[in-house]
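# Structural characterization, general
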Amino acid sequence: MNKRVSEGINKAADNIDKSLSPSGEEDEILNRTRVFFTVGADFDDRGDIESTFRFGAQLHLPRFERYWKLKFANQDEKKDRGQSSLVRERRRRGTTSDDVFLGVNFGGQWKRIDVQYEPKLSFDDSPGIDHSIEAFTKYEFKKFSIEPSLEFFANHNEGSGSSGAIKFNYQFTNKLALQQGNDARYPFLSHELSVNHSITLYYKASNRLDLALGYFRSFDNFDGYHLAAYGGQFSSKYMIYKNILHFELTPYIVHEREFNFDETYGVIVNFHVNF
């Protein structure tokens, strides 16, 4: 059933792609359009259970994108900069489809620096048009790499602002890597600065199983610039069926200022279904 639905989605997207593209772009190209669902829950030792249901679609029009030198996008991970995914606010945000949008990505390169402009139709609380322009690059030195980026955005629900990130990655082997990440976000109207620092050890146990052990510290300027949360997690991702179904299990420990930095233990369980 999954294969039939997936083939139907890809065929429909391919027909759209051909109809929008010039006649010279008729060669056969693999279409990677997909529709996905996430079903799961977050359980913690305070007795709170937050169910998760998210959905989305990734439209791929390779001929159209190649001719006009742009691409479609539907995920905005930059909105999560500055705050760990383990804090309660982020975990609750993940239970709804409040970041569903469809946008296009105009890309170019200037002296090894990639620049992308992304206008998009967003449905975060209310419908509106968001804009983002980001510059990023990657420097590699054998097994070590650095990835800096800087973004300026204008969102319909929070106004304009900026965000940035810099990642340091060291690849010990093909299976083992260490990453130190730093990211921040600052909307100009609310003057809310949020900063996140993390360190994560990644291990690819097999073609089906990925493991990661991480620690983070988050800061904000809610009442002066102070520690907002810290904690760690051990995440595992198991691919049950390639490109169709995978399972995620993430036990965690988090200390949040909202709860006087008392320990909160929990586990996040998610099933991801792709068509």
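Higher on the page you've got the structure.
Let me sum up the structure you'll find in this document. Just so it is clear, the structure is predicted and the values come from calculations on it, not from any experiment.

Before going further, it helps to spend a moment on the overall build of the chain. The secondary structure content of the chain amounts to three helices and 15 strands. For the chain, the proportion of contacts with a sequence separation of at least 24, taken over those separated by at least 6, is 48%. For the chain, the exposed area adds up to about 16000 Å²; of that, 60% sits on carbon and sulfur atoms.

Tallied over the full model, the rule gives four salt bridges. When the shortest N-O distance is used, the salt bridge between D210 and K204 registers 3.3 Å. Its relative accessible area of 30% is what places D210 among the partly exposed residues.

With the rule as written, the count across this model stands at seven aromatic pairs. Considering the side-chain rings of F37 and F275, the 6.2 Å spacing of their centres and the 85° angle between planes classify their relative orientation as edge-to-face. With F37 in strand β1 (residues 34-44) and F275 in the segment after β15 (263-274), this pair connects stretches of sequence that are 238 residues apart. Centroid distance Y230 to F261: 6.2 Å. Interplanar angle 25°. Geometry classified as stacked. Here Y230, found in strand β13 (residues 226-241), pairs with F261, found in the loop between β14 (245-256) and β15; they are 31 residues apart in sequence, far enough to count as distant. A relative accessible area of 24% places Y230 in the partly exposed class. Above the ring of F153, the side-chain terminus of R185 is found at 4.2 Å from the ring centroid.

The next subject is the side chain of S84. As for its position among the elements, S84 is in the loop between β3 (70-73) and α3 (88-93). Owing to a relative accessible area of 6%, S84 belongs among the buried residues under this scheme. Among the polar contacts made by the side chain of S84, one reaches the main-chain amide nitrogen of L86 at a distance of 3.0 Å.

This next bit is on unusual backbone geometry. Its identity is not glycine, yet H191 carries a phi of approximately 55°, on the positive side. Take H191: it is sitting in the loop between β10 (176-187) and β11 (194-204). Of note in the backbone geometry, F261 takes a positive phi value of approximately 60° without being a glycine. On the basis of relative accessibility, which here comes to 29%, the residue F261 falls in the partly exposed class.

With respect to the helices and strands, the residue R66 is situated in helix α2 (residues 62-68). On the basis of relative accessible area, R66 is assigned to the partly exposed category, the value being 43%. Note: C-alpha distance between R66 and S21 (45 residues apart in sequence) is 9.3 Å.

A surface patch of nonpolar side chains, amounting to about 670 Å² of accessible area, comprises Y170, F172, L178, I199, L201, L213, Y215 and F234. Contributions of two or more residues to the nonpolar patch are made by β11 and β12 (209-220). Looking at where F172 falls in the secondary structure, it is placed in the loop between β9 (159-171) and β10. Given the relative accessible area of 35%, F172 is considered partly exposed.

Here strand β6 (residues 126-136) runs beside strand β8 (residues 144-155); their pairing, made up of six bridges, is antiparallel. Residue pairing in the sheet places S132 in a bridge with F153 of β8. Examined bridge by bridge, strand β7 (residues 139-141) and β8 share three bridges and lie antiparallel to one another. Considered in β8, the bridge of F141 is made with F144. Counted along the chain from β7 to the antiparallel partner β8, the turn is two residues long, and its residue K142 has a positive phi close to 60°. Here 12 bridges tie β8 to β9, and the two strands are oriented antiparallel to one another. Residue I146 lies in a different strand from β9, and its bridge partner there is F168. Following β8, the chain reverses through three residues before pairing antiparallel with β9.

Conventions used here
Residues numbered from 1 in each chain as written. Predicted model: local features only at pLDDT ≥ 70, side-chain atom pairs only at ≥ 80, totals over all residues. Heavy atoms only, no water. Helix = DSSP H or I, 4+ residues; strand = E, 2+ residues; numbered from the N terminus. Contact = heavy atoms within 4.5 Å. Areas by Shrake-Rupley, 256 points an atom, 1.4 Å probe, with all protein chains shown as cover. Salt bridge = Lys/Arg side-chain N within 4 Å of Asp/Glu carboxyl O. Buried < 20%, exposed > 50% of the residue type's maximum accessible area, 1.4 Å probe, protein only. Phe/Tyr/Trp six-rings, centres within 6.5 Å; stacked < 30°, edge-to-face > 60°. Lys NZ or Arg CZ within 6 Å of the ring centre and 35° of its normal. Polar contact = N/O pair within 3.5 Å; in protein donor to acceptor, adjacent residues only side chain to side chain. Patch = residues over 30% accessible without salt bridge, like charges linked within 9 Å, V, L, I, M, F, W, Y side chains within 5 Å. Pairing = 2+ DSSP bridges.

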